[in-house]
Amino acid sequence: MTALLEVTDLRKTYGGTTAVDGVSFTLPPGGALGLVGESGSGKTTTARMLVGLERPDSGSITVLGQPLGAQVRGRAARLARAKAIQIVFQDPYLSLDARLTIGATLDGVLRLHGQGDRVARAARIRELLGQVGLGDREAAALPRHLSGGQRQRAAIARALAVEPAVLVLDEAVSALDVSVQAQVLNVLTDIRREAGIGLVFVSHDLAVVRYVCDEALVLLRGRPVEHRPMEELLDNPDHDYTRLLLDSVPHPGWDPESIARRRRAA
Amino acid sequence: MSTTVLVRRPLLGRLRGGFLAQGWLFRVCLVLLVGFVVVAVFAPWLAPQDPTMGDFANTMAGPGADHLLGTDQGGHDTFSALLVGARTSLLGPLGVVVFSTVVGIAVGLFSGWRGGWVDAVIGRVLDILFAFPSLLLAILAVALFGKGLGAPVLAMAVAYMPYTARLVRGLTAQEKNRPYVSAYLVQGHAPVYVAVRRLLPNLGPTVLAQSTVNFGYALLDLAALSFLGLGVQPPTPDWGAMINQAEAAVLQGQPLSAVVPAVAVVLVVVAFNVVGEQFGDQLARRDAK
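This structure is a prediction, so every number in the text was calculated from the model and none was measured.

Draft legend 1. Seen up close, the environment of Tyr184 of chain B. Looking at the element boundaries, Tyr184 of chain B is found in helix α7 (residues 179–186). Note on Tyr184 of chain B: relative accessible area 6%, which makes it buried. With 14 residues separating them along the chain, Tyr184 of chain B and Arg198 of chain B place their C-alpha atoms 8.4 Å apart. Ignoring anything within four residues of it in the chain, the contact list for Tyr184 of chain B reads Asp97 and Leu100 of chain A together with His189, Val194 and Arg198 of chain B.

Rendered as structure tokens:
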């Protein structure tokens, strides 16, 4: 079976700092990979390279056997790249255009991707919003009239409107309340199961990653330190840093001070 | 986390909710500006006399039944000249603002969006334009193209353009890193489309505030040029030229033909400033929320 997404040896440096150093992974159709690490570990840079917002210094990204160029020219190439990978950003307050209603935003995406018929678009918008648990009221609303969770679900619907093969979620639930997080995570597991979309889930929060992903890639200062199935990783972490991330999740008998000490030592 | 997105509302709703709920000074200034525009548009029908025709029997007259605000040394009716003079005071700055805003937006958007060395070069060119005194530029333009409204307006437009360009450049550089812009690009939209059709409209109100303030200053600069005899030429009525023409009358103890246009200039400039700044403040407050 061909891999849905194949990432080989991505590297990116800014000036003298190495942000991402040798990240490789493959994602089967419908698979879900957690990209885990603390701030500055290179996970967001990796996500931005996946969707073409940053150009990698070296390495390749292949979706369904098609290599994605770092720079795309021309309308057809842009649309093809968009169909390969979409992204949902961390901050639902800033990731939607404040001037447009949710419906108008989705309409724009569908029109761009060749859906010419107005009636068909309206039906598709309703379907997409239904998929993320939103309705006509939200379609007619401006982003600022919606809650954080509703906006993030609208942002997911916008990404799904492109019908991507892979969806990258860059800390997509980190800014949300715990109960809202749960709603959004359920939406994600549903679309993964139903549409077979591959998920790359970027997060610092292992508790959330465990809920969505089959496997996790742990990044430390841009370098992969551990890449294993989720259960294994959680039960028996190989690397000290992974253990540290696991211990950082609040639990009974939690000792933040010793974690801070170990983090400084790492 | 604070939302720093510019909030948009339909213009009418914004007028009702924010604009008219402002303080009395703002409202007075807004009424003044509306009055100014109405007068400028309907001046030929409102003016009791033809301000280009001198009443030689009544030169340097005081206020009276025939001449509401008196006459200057050529016998021109001050009141009529004030009304008709509002036209050049509206058209001149309007030309300056439209040209400087359109070009400033184009330059600023291009520079801020491209970034890198293009941005650095454009930034230096704007710095040079900033350093060049606008009145000097206007005098140069008049020397090249002759007196009248055209040359000073062109020069002022060039001189005012960098203010808008710098503003738009800074806002664009800031706005293009917002995730909504990234999202448009990831969806497959052409970068030019995203910059012009999606990013630019989100800067609109801020740019409009700047242009409003620019209008006031342009009016002042153009009046100064007319006063120096470089702008609109008599007998075409113009507030700056009127002050110039009134010199003899002032010496004869009839200062009204100078005072009236001077007060008009000051009032309109102050009104544009108050309205423009209030508009800008309101946006800043909304941004801070």
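Structure's up, so let's keep going.
Draft legend 2. Quick peek at helix α6 (residues 148–161) of chain A. Residues and elements named next belong to chain A. With 14 residues, α6 should reach 20 Å at 1.5 Å per residue; the first-to-last C-alpha distance of 20 Å fits that figure. Most of α6 sits inside the fold, with 14 of its 14 residues counted as buried. Positive phi shows up at Glu163, right after α6, with a value of about 55°.

Draft legend 3. Up close: the UniProt feature "domain: ABC transmembrane type-1" (unreviewed entry) in chain B. The positions UniProt marks with the feature "domain: ABC transmembrane type-1" (unreviewed entry) are residues 86–276 of chain B. Between the first and last C-alpha atoms of residues 86–276 of chain B the distance is 20 Å; the span itself is 82% helix and 0% strand.

Draft legend 4. Just the environment of Pro179 of chain B, in detail. Relative to the assigned elements, Pro179 of chain B resides in helix α7. Since its relative accessible area comes to 16%, Pro179 of chain B is described here as buried. As a C-alpha pair, Pro179 of chain B and Pro234 of chain B span 55 residues in sequence and 56 Å in three-dimensional space. Apart from residues lying up to four places away in sequence, Pro179 of chain B is in contact with Phe89, Leu94 and Ser95 of chain A.

Draft legend 5. Quick peek at the interface of chain B and chain A. In this assembly, 24 residues from chain B lie in contact with 27 residues from chain A. Of the roughly 2,100 Å² buried where chain B meets chain A, counting both sides, 64% is carbon and sulfur surface. When the area that chain B buries against chain A is broken down by residue, the three leading residues are Pro179, Val186 and Gln187 of chain B, summing to 30%. Joining chain B to chain A, the criterion identifies zero salt bridges. Applying the counting criterion to the chain B and chain A interface returns seven residue pairs in polar contact (both at pLDDT 80 or more). Ranked by residue count, the leading element in the side of chain B that touches chain A is α7 of chain B, at six residues. Partitioning the side of chain B that touches chain A into residue classes produces twelve nonpolar, seven polar and five charged.

Draft legend 6. Up close: the side chain of Glu54 of chain A. Residues and elements named next belong to chain A. If you trace the backbone, Glu54 turns up in the loop between α1 (43–50) and β4 (58–63). For Glu54, a relative accessible area of 19% translates into the label buried. Within the structure, Glu54 has its side chain in polar contact with the side chain of Tyr14 (distance 3.2 Å). Leave out the neighbours within four places in its chain, and Glu54 touches Lys12, Tyr14, Arg48 and Met49.

The rules behind the values
Residues numbered from 1 in each chain as written. Chains lettered and ligands numbered in written order. Predicted model: local features only at pLDDT ≥ 70, side-chain atom pairs only at ≥ 80, totals over all residues. Heavy atoms only, no water. Helix = DSSP H or I, 4+ residues; strand = E, 2+ residues; numbered from the N terminus. Buried < 20%, exposed > 50% of the residue type's maximum accessible area, 1.4 Å probe, protein only. Contact = heavy atoms within 4.5 Å. Expected span 1.5 Å × (residues − 1). UniProt positions renumbered as here; feature names shortened; annotations may be inferred. Buried area = accessible area lost by both parts, 1.4 Å probe. Salt bridge = Lys/Arg side-chain N within 4 Å of Asp/Glu carboxyl O. Polar contact = N/O pair within 3.5 Å; in protein donor to acceptor, adjacent residues only side chain to side chain. Nonpolar A, V, L, I, M, F, W, Y, C, P; charged D, E, K, R; others polar.

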